[in-house]
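Each chain, letter by letter, is given below.
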Amino acid sequence: MEEIRSQKRAAANHSVSKRFTYALIGVVTLLLVIFATVAIFVDIRRIDNDLQNRLENAAKLAQVSLAVPLWNLDAETINHFAEALLLDESLAFVKISSEGQPIAVRGQPEYQREDFSYFSRSSQFLARSDDISYNERKIGTIQLAVSRENVRQEILLNISGIVALTILIIVAISLTSIVITRRYIAHPLLKLQNSAGLIAGGNLEAPIDTTSQDEIGHLARVLDAMRGSIKGLIGKLRESTEKLEEYSETLEQKVEERTKELSETTQELTRTVEELKALGEVGRAVSSTLDLETVLTTIGACATKLSGTNTAAIYEYDEKTERLFLRATYEVEKELAEWLRLHPVRIGEGAIGRAAAERKPIQIANVFEAGIFQGSMLELMKRLGLQTGLVAIPLLREDRVVGGLVVGHKTLGYLPQEIVDRLQNFATQSGLAIQNAQLFQELEARTRDLARSVGELKALGDVGQAVSSTLDLPTVLTSIVSHAVELSGTDTGAIYEYDDKTKEFHLRASHQMEEPLAQALRSNPIRLGSGTVGRAAARGEPIQVADILEEQEYRASPTRSVLRQLGYRSLLAIPLLREGRVMGGLSVYRREAGNFSTEVVNLLQTLATQSVLAIQNARLFQEIEDKSQQVQIANQHKSEFLANMSHELRTPLNAIIGYSEMLEEEAEDLGQKAFIPDLEKIHGAGKHLLSLINNVLDLSKIEAGKMDLYLEDFAIAPMLQEVVATVKPLVEKNRNTLKVDCAEGLGAMRADLTKVRQTLFNLLSNASKFTEQGTITLGADRERVNGDEWIRFGVSDTGIGMSSEQTMKLFQAFTQADTSTTRKYGGTGLGLAISQKFCQMMGGEITVESVLGQGSRFTVRMPADANESKAKPMPPPEESSVTVAHAPEGAVSVLVIDDDPTVYDLMRRFLSKEGLQMVAARNGEEGIRLARELRPAVITLDVLMPGMDGWAVLTALKADPVVADIPVIMLSIMDEKQMGYALGAADYLTKPIDWERLVAILQRYECARPPCPVLIVEDDTGMREMLRRRLEKEAWTVIEAENGRVGLERMAERQPDLILLDLMMPEMDGFEFLDKIRQQDAWRSIPVIVITAKELKPEDRQRLNGSVEKILQKGAYSRDELISEVRNLVTAATRTRLGGAKEISHA
Amino acid sequence: MTKILCVEDNEDNLFMLQRRLTRAGFDVTVSRNGAESVEWAKTLLPDLIVMDLNLPGLDGWEATRRLKNQPETKDIPIIVLTADSKKNSRDKALAAGCDEFDTKPIDFQGLVGKIQSLLSRSAKP
């Protein structure tokens, strides 16, 4: 500005218009002078000529007029003539003489005495002397002189006239030229100069007047064009600068991908600081600190200094409450400042509120006279003796009110506008400073928040890890309490567990606790409702003591005195609650007095929740451990009992068997044959009892894992011979034929000879028992499967055979095919179970195929070398038609997909206690593969896994029809239930896992003990058979009934998970059956699928409505279609039912 | 005639055993406790001893051990009979030095077979 002004001044000094004016004046003056000179000269000449003429005329007149008088010497006439001549005022002297004698001498009064010589000598006069002749004779002389005085006067007059004219002209010219140059040259030039100055100053938006058509206008247009191009250039420059910045930013981003957030924060900070630097001098002073309080105080100080006022108050605008809050004061009375601080100002109220509302400064001449202030403030001011005038200036930022500045001055009245302007200008800059400071504070607060939440998250993660990875309660609680103390910035902390019986809290874990305090806490258990922890637990909410010293109530307690001795001042207690039940307490202690922040309380509450979970899990696990220990002990007791029992039984049995045998012998010797059959019965019963005892003992040994194997090499053929010899009497008892069909070269095998022999004997004796007048075949061969040698023994009969239901239960202990069988055929019902176990111990198995009424075939497969094959999987049986191999004991109930091995281990411990089979997958891909292969009852799925994450796995599982219906339970550290349910999860649990809940959920979904029984009520044997075969293949247990009545009987024996029901049946039809089962509470929820050939009438459908899952029309499907439809429905219905969401659809 | 000493505390079993063994042609002497049997065997010098394990006072294992350790009786074969089917009973009995082992209830024919084979074995050298 200064420069431009000086330029202007220079321009004024050397203004073109002045120079032009001067030059014009010079030239005109010169011209006029020349002109005047010439004119005067000409005038002189003219006057001279005139005088000459007058002289000449006078002389001529004298010639004419004086010749005679002179001749006559008439002096009188001559004198008269001379006087007449002098009437011409310009004639100064006349002397007429004759013969040298003057006759008349006359002159104008001033020249009367002058002699003619005087006149002829003086340049002031024009003199002439002429001779007067008469008749050619000189008779006299006339001498005349004319004064040039008049000429001089004339000239002077002329000159003065010319000078006056010249001056006049000069003035005119000057004025004209000034007007012209100003109007057409200087003004436009100045304008151009201004514009150029603005352009130079960087303002490219200022318009340039280009209306003028002359050269200046041209210049202006050129300048404008130049401005345009400069603007363009600057725009381009800006653009390229921006591009450059953009590019550099991108580059930076690439380089600092990982620290992006950090660099952004730094950028933000740098920019803030840069902006602050850019502020003016005052602004710089203000921005030397970013602490808002300091900034505001500085602003206050500066404002008073700037305006020469006394006090200042700075307000900050809070958008939420729409009020201005006092943030800083300068030189304001403490009491008044306190009052102002407590009374935030609404927009539109008071001085600053109004200024903010109007967005412009407001002056108050005297607060007492303004009538806009609150009475209490005025009273206060009056009391303090304060008289003040105010200027209130809103602090605006981008037209937004950010705060206000009020300056007070003791000079009552209005301050000059200049000062107000200055203050307003300052306020604008301050607005920026305040905003920057606010931004910085916000940023700092956010950074702090972020850092804190990162810390908290990490701590929670650690705690969660601790809770998940160990069930050791002290470890978990110590971890929690140490995190609680560290995160809350306290000095020590403790976790207490609540004992329901004694109603006392016991110290379980502590962190950085001095021994005296720990000792005091241990020896003085806190009672529910007393002490801070006890009260917090009783109330169910955190309680804090801001200052122990000031708390009267509990000063007496011994713990308090220890706390005081150790210098603790404040404490916070959080109750540990589970579903409203008190589990314990968490407390932290601090050496500083004061309240705990909400964040700390919240954090500790979160940690308390974790502690609850840890305690709960540990208790649960303890319970399970205890129970399983009890079970183990009970088992041991059972085994011992059995062993003792068998001993006690054997002694009397010894007598029974021995005496009866002895009596038989003696009776024979004595010829008392009539007694023999009775004695034989006693003897037989005794033997049966003995074998029962032996079998029970064997079984209990097997179950207790105490049955030992004595492996030895033996030749197979001789062993078979021996068995055949032993069993022969039994075979012949029912008039059966025994056929031995052994392959050549069976060779030897390595196994427990006794157990192999016992197994074969058992099978053969069974076959003999259940066959009459039939054929029993014993076969043996050697086979090689996958490079392993297997020995296969077959025992087949042509006996009564078994139903598939019977075969299912065949290998279970104490189960004969039918209870009536025992009565009819005898036997303990343990033989097959024991035989199967023996075979399995040696790595083999027994399978059975049987057709009711046609006979059975048992196959024993054993590795040729029991040692070698023990660990190897069994090869699949060749036939699969009616074969129900071993019960699918190993069916997987739960598939756990989780990358964390600790979760997997814990899960296995828990699930195995619950009797659930579990398979783990360590990543998503493996999980999906295993889900397809194993089709588990339930899947648990972690979200955060390396590679494919849980969401992707869940999506893939739900998209695959093979596994889509398996319920998936999400287990994750992240609480994103919405997401989980949206993607099809059945349930969502957050880690650390609440085992109790998990187990409850698993039990809800898990098909408790596969295979699930299905009841088929169908009178058509063919149809029933088809369905049975089909479902058995899917490992379902099938119960059959040929009509409703039988169906009800079967249901009473064993409750099915699903019923397939025909409608048209003899004795009791489907409708009646349905009515009956719907009357029973236990049966009401069993899903029913109706399969019928009946054309259903509307009333039929009405009857079925709501009580069946689905109706399948036999006619509408081919047999295969029908069966596969049933299969699908059975699977779906069971799952749906177990999943708890019953869906009824009608075909 | 072959002399057999039966050691058994259960009267029924003792009576039955004595009667059946006598019927089978043996000269049977009975003893009802372990200590007594160890003493008697020294003077009686039976050809074979049938020993129950659960005896009052000195039990069957200890009696067997002593019999096998005193020079007069060490060559007399001993068959141990017990109602206890536990494996360690059998191992303990064999460790004590018995020659045969049988569980009650006894298969009488089997017992007679074992007696005869033991007698023939001890008669040979």
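The structure presented is a predicted model; accordingly, all values stated were derived computationally and were not measured. (Residues numbered from 1 in each chain as written. Chains lettered and ligands numbered in written order. Predicted model: local features only at pLDDT ≥ 70, side-chain atom pairs only at ≥ 80, totals over all residues. Heavy atoms only, no water.)

S.K.: Hey, could you run me through the overall build of chain B in this one?
M.R.: Helices and strands together make up the secondary structure of chain B, namely five helices and five strands. Reading chain B from its N terminus to its C terminus gives the helix and strand order β-α-β-α-β-α-β-α-β-α. Taking the intrachain contacts of chain B between residues at least 6 apart in sequence as the baseline, contacts between residues at least 24 apart amount to 61%. Accessible surface, chain B: about 5,700 Å² in total, of which carbon and sulfur atoms supply 48%. (Helix = DSSP H or I, 4+ residues; strand = E, 2+ residues; numbered from the N terminus. Contact = heavy atoms within 4.5 Å. Areas by Shrake-Rupley, 256 points an atom, 1.4 Å probe, with all protein chains shown as cover.)

S.K.: Looking at this model, I keep getting lost on a nonpolar patch on the surface. Mind explaining?
M.R.: Residue and element names in this part refer to chain A. Taken together, the side chains of Leu30, Ile34, Val38, Phe41 and Val42 define a hydrophobic patch exposed on the protein surface, amounting to about 490 Å² of accessible area. Note on placement: Ile34 falls in helix α2 (residues 16-72). Judged by its relative accessible area of 47%, Ile34 is partly exposed. (Patch = residues over 30% accessible without salt bridge, like charges linked within 9 Å, V, L, I, M, F, W, Y side chains within 5 Å. Salt bridge = Lys/Arg side-chain N within 4 Å of Asp/Glu carboxyl O. Buried < 20%, exposed > 50% of the residue type's maximum accessible area, 1.4 Å probe, protein only.)

S.K.: Would you explain the pattern of salt bridges in this entry?
M.R.: Where charged atoms from two side chains of opposite charge approach closely, those side chains can pair. Under the criterion given, the structure shown has 46 salt bridges over all chains. With its nearest N and O atoms 3.8 Å apart, the salt bridge here joins Lys1076 of chain A to Glu1072 of chain A. Of this pair, Lys1076 of chain A and Glu1072 of chain A both sit in helix α34 (residues 1070-1079), four residues apart, which is roughly one turn of that helix. A salt bridge links Glu39 of chain B to Lys42 of chain B, with the nearest nitrogen and oxygen atoms 3.7 Å apart.

S.K.: Which parts of the structure should I look at to understand the sheet that holds strand β32 (residues 1088-1092) of chain A?
M.R.: The strands making up a sheet associate through hydrogen bonds between their backbones, and the pairing can be parallel or antiparallel. Residues and elements named next belong to chain A. Strand order in the open sheet formed by five strands is β30-β29-β31-β32-β33, with parallel pairing between adjacent strands. Taken across any chain shown, the strands that pair with only one partner, and hence form the sheet edges, are β30 (1037-1041) and β33 (1110-1113). Averaged over neighbouring strand pairs, the angle between their axes works out to 20 degrees when direction is ignored. When strand β29 (residues 1013-1017) meets strand β31 (residues 1058-1061), the two strands line up parallel, connected through four bridges. Looking at the pairing, Ile1016 lines up with Leu1060 of β31. On the sheet, α34 packs against β29, β31 and β32 and is oriented at approximately 160 degrees with respect to β31. (Pairing = 2+ DSSP bridges. Axes fitted to C-alpha atoms, helices over the stretch in contact; angles between N-to-C directions.)

S.K.: Would you mind showing me how to read the packing of aromatic side chains here?
M.R.: Pairs of aromatic rings are described using the distance from one ring centre to the other and the angle between the two planes. Inspection of the entire model under this criterion finds four aromatic pairs over all chains. For the ring pair Trp951 of chain A and Tyr988 of chain A, a centre distance of 6.4 Å and an interplane angle of 25 degrees mean the geometry is stacked. Of the two residues, Trp951 of chain A sits in helix α29 (residues 950-959) while Tyr988 of chain A sits in strand β28 (residues 987-990), which places them 37 residues apart along the sequence. Classification of Trp951 of chain A by relative accessible area gives buried; the value is 10%. Among the residues examined, Tyr988 of chain A registers a relative accessible area of 1% and is labelled buried. Between the NZ or CZ atom of Arg591 of chain A and the centre of the ring of Tyr568 of chain A, over which it lies, the distance is 4.4 Å. Directly above the aromatic system of Trp61 of chain B lies the positively charged group of Lys92 of chain B, at a separation of 4.1 Å from the ring centroid. (Phe/Tyr/Trp six-rings, centres within 6.5 Å; stacked < 30°, edge-to-face > 60°. Lys NZ or Arg CZ within 6 Å of the ring centre and 35° of its normal.)

S.K.: How should I be thinking about the nonpolar core in this particular structure?
M.R.: Where a protein is soluble and globular, its nonpolar side chains tend to be buried together. In this structure, Ile716, Met719, Leu720, Met749, Val756, Phe793 and Phe858 of chain A are the most contacted members of the largest nonpolar core, which totals 43 residues. Broken down by element, the residue count for this core peaks at seven residues, all from helix α21 (residues 716-733) of chain A. (Core = buried A, V, L, I, M, F, W, Y, C linked by side-chain atoms within 4.5 Å.)

S.K.: I keep staring at the sheet that holds strand β4 (residues 78-82) of chain B and nothing clicks. Help me out?
M.R.: Residues and elements named next belong to chain B. Strand order in this open sheet of five strands is β2-β1-β3-β4-β5, and the pairing throughout is parallel. This sheet does not close on itself; its edge strands, each paired only once, are β2 (27-31) and β5 (100-103). Averaged over all adjacent pairs, the angle separating strand axes in this sheet is 20 degrees, with direction ignored. Taken strand by strand, helix α3 (residues 60-69) contacts β3 (48-52) and β4, and its axis lies near 155 degrees from that of β3.

S.K.: I would appreciate a short explanation of α3 of chain B in the present structure.
M.R.: Along an α-helix, residues three or four positions apart point the same way, because every turn accommodates 3.6 residues. Residue and element names in this part refer to chain B. Residues of α3 that are buried: Gly60, Trp61, Ala63, Thr64, Leu67 and Lys68. Within α3, the buried residues cover an arc of 165 degrees as seen down the axis, which keeps them to one side. A side-chain oxygen of the first residue of α3 lies 3.2 Å from the backbone nitrogen of Trp61; this N-cap is Asp59. (Arc of directions from axis to C-beta. Polar contact = N/O pair within 3.5 Å; in protein donor to acceptor, adjacent residues only side chain to side chain.)

S.K.: Sorry if this is basic, but what is going on with the pairing of strand β10 (residues 400-409) of chain A here?
M.R.: Both faces of the sheet carry side chains from a regular strand, because those side chains alternate between them. Residues and elements named next belong to chain A. Burial analysis of β10 places nine of its ten residues in the buried class, the great majority of the element. One ladder, built from six bridges, connects strand β5 (residues 311-318) with β10; its direction is antiparallel. Looking at the pairing, Glu316 lines up with Gly403 of β10. Pairing of strand β9 (residues 389-397) with β10 involves nine bridges; the strand directions are antiparallel. Residue pairing in the sheet places Pro394 in a bridge with Gly404 of β10. Between β9 and β10, which pair antiparallel one after the other, the connecting turn spans two residues, and Glu398 there sits at a positive phi close to 50 degrees.

S.K.: Can you help me understand the side chain of Thr759 of chain A in this one?
M.R.: Residues and elements named next belong to chain A. Mapped onto the elements of the fold, Thr759 is located in helix α22 (residues 753-769). Overall, the relative accessible area of 1% leaves Thr759 in the buried class. A polar contact of 2.7 Å, which involves the side chain of Thr759, links it to the backbone oxygen of Lys755.

S.K.: Which parts of the structure should I look at to understand a negative patch on the surface?
M.R.: Residue and element names in this part refer to chain A. Where like charges cluster on the molecular surface, the negative patch consists of Glu239, Glu242, Glu245, Glu246, Glu249 and Glu252. Within the secondary structure, Glu246 is located in helix α6 (residues 215-255). By relative accessible area, which is 53% here, Glu246 ends up exposed. (Lys, Arg positive; Asp, Glu negative; His and termini not counted. Charge placed at Lys NZ, Arg CZ, Asp CG, Glu CD.)

S.K.: Looking at this structure, how should I read the packing of helix α19 (residues 598-670) of chain A against helix α1 (residues 11-23) of chain B?
M.R.: Running from N to C, α19 of chain A and α1 of chain B point in directions that differ by 35 degrees, and their axes come no closer than 10 Å. Like other packed secondary-structure pairs, α19 of chain A and α1 of chain B cross with a definite hand, here left-handed. Where α19 of chain A abuts α1 of chain B, its residues Thr651, Asn654, Ala655, Gly658, Tyr659, Glu661, Met662, Glu665, Glu666 and Asp669 of chain A lie against Asp12, Asn13, Phe15, Met16, Arg19, Arg20 and Arg23 of chain B. Considered class by class, the residues forming the contact of α19 of chain A with α1 of chain B number five nonpolar, four polar and eight charged. (Left-handed = near helix turned anticlockwise from the far one by under 90°. Nonpolar A, V, L, I, M, F, W, Y, C, P; charged D, E, K, R; others polar.)

S.K.: Help me out: how do you make sense of the side chain of Ser660 of chain A in this one?
M.R.: All names here are of chain A. With respect to the helices, strands and loops of the structure, Ser660 is situated in helix α19. Taking relative accessible area as the criterion, Ser660 reaches 3% and is therefore assigned buried. Each residue touching Ser660, except ones within four places of it in the same chain, is listed here: Ala655, Leu679, Ile682 and His683.

S.K.: Hey, could you run me through unusual backbone geometry in this one?
M.R.: Of all residues except glycine, most have a negative phi; of all peptide bonds, most are trans. The peptide bond linking Lys104 of chain B to Pro105 of chain B adopts the cis configuration, its omega dihedral lying at 0 degrees. Its identity as a non-glycine residue notwithstanding, Arg935 of chain A has a phi of 40 degrees, on the positive side. Locating Arg935 of chain A in the fold gives a position in the loop between α28 (924-934) and β26 (938-942). You can call Arg935 of chain A partly exposed: its relative accessible area is 31%.

S.K.: It is not clear to me how the environment of Glu8 of chain B should be interpreted in this structure. Could you clarify?
M.R.: Residue and element names in this part refer to chain B. Within the element layout of this structure, Glu8 appears in the loop between β1 (3-7) and α1. The class of Glu8 is buried, set by a relative accessible area of 3%. Sequence separation of Glu8 and Asp52 is 44 residues, and the distance between their C-alpha atoms is 5.2 Å. Ignoring sequence-local partners within four residues, the contact set of Glu8 consists of Asn13, Leu14, Ser31, Arg32, Asp52, Leu55 and Lys104. Within the structure, Glu8 has its side chain in polar contact with the side chain of Lys104 (distance 3.1 Å).

S.K.: Please clarify how the confidence of the model for chain A should be interpreted in this entry.
M.R.: Note that predicted coordinates carrying low pLDDT should not be read in detail. Residues and elements named next belong to chain A. Of all residues in chain A, 86% have pLDDT values of 70 or greater, and the mean over the chain is 78. Per-residue pLDDT stays below 50 along residues 274-279; that stretch engages in twelve contacts with residues further than four places along the chain or on separate chains. Confidence drops under a pLDDT of 50 for residues 1137-1147, and excluding neighbours within four residues, the segment shows 27 contacts in the predicted structure. (pLDDT = per-residue confidence, 0-100.)

S.K.: In this structure, what is going on with the pairing of strand β12 (residues 504-511) of chain A? I would like to understand it.
M.R.: Residue and element names in this part refer to chain A. For strand β11 (residues 492-499) and β12, the ladder comprises seven bridges, and the chain directions are antiparallel. Following the sheet pairing, Tyr496 is matched in β12 by Leu507. Between β11 and β12, which pair antiparallel one after the other, the connecting turn spans four residues, and Lys503 there sits at a positive phi close to 55 degrees. As judged from the two bridges shared by β12 and strand β13 (residues 526-527), these two strands associate in the antiparallel manner.

S.K.: Looking at this structure, I do not really get α29 of chain A. What am I missing?
M.R.: All names here are of chain A. Those residues of α29 not exposed but buried are Gly950, Trp951, Val953, Leu954 and Leu957. Viewed along the axis of α29, the buried residues span an arc of 160 degrees, placing them on a single side of the element. Where the residues of α29 are buried, they touch β24 (894-897), α28, β26, β27 (968-972), α30 (977-982) and β28. In this structure Asp949 caps α29, since a side-chain oxygen of it lies 3.2 Å from the backbone nitrogen of Trp951.

S.K.: Help me understand the interface of chain A and chain B, please; the structure alone is not making it clear to me.
M.R.: Opposite the 22 residues of chain A that make contact, chain B presents 19 residues. Counting each side, the surface lost to burial between chain A and chain B is near 1,800 Å², with a carbon and sulfur contribution of 49%. Between chain A and chain B we count five salt bridges in total. With a closest N to O distance of 2.9 Å, Arg20 of chain B and Glu661 of chain A form a salt bridge. Where chain A packs against chain B, one counts eight residue pairs in polar contact (both at pLDDT 80 or more). Those elements that provide at least two residues to the side of chain A that touches chain B are α19 and α20 (676-703) of chain A. The element that contributes the greatest number of residues to the side of chain A that touches chain B is α19 of chain A, accounting for 17 residues. Taken together, the residues that form the side of chain A that touches chain B break down as nine nonpolar, six polar and seven charged. (Buried area = accessible area lost by both parts, 1.4 Å probe.)

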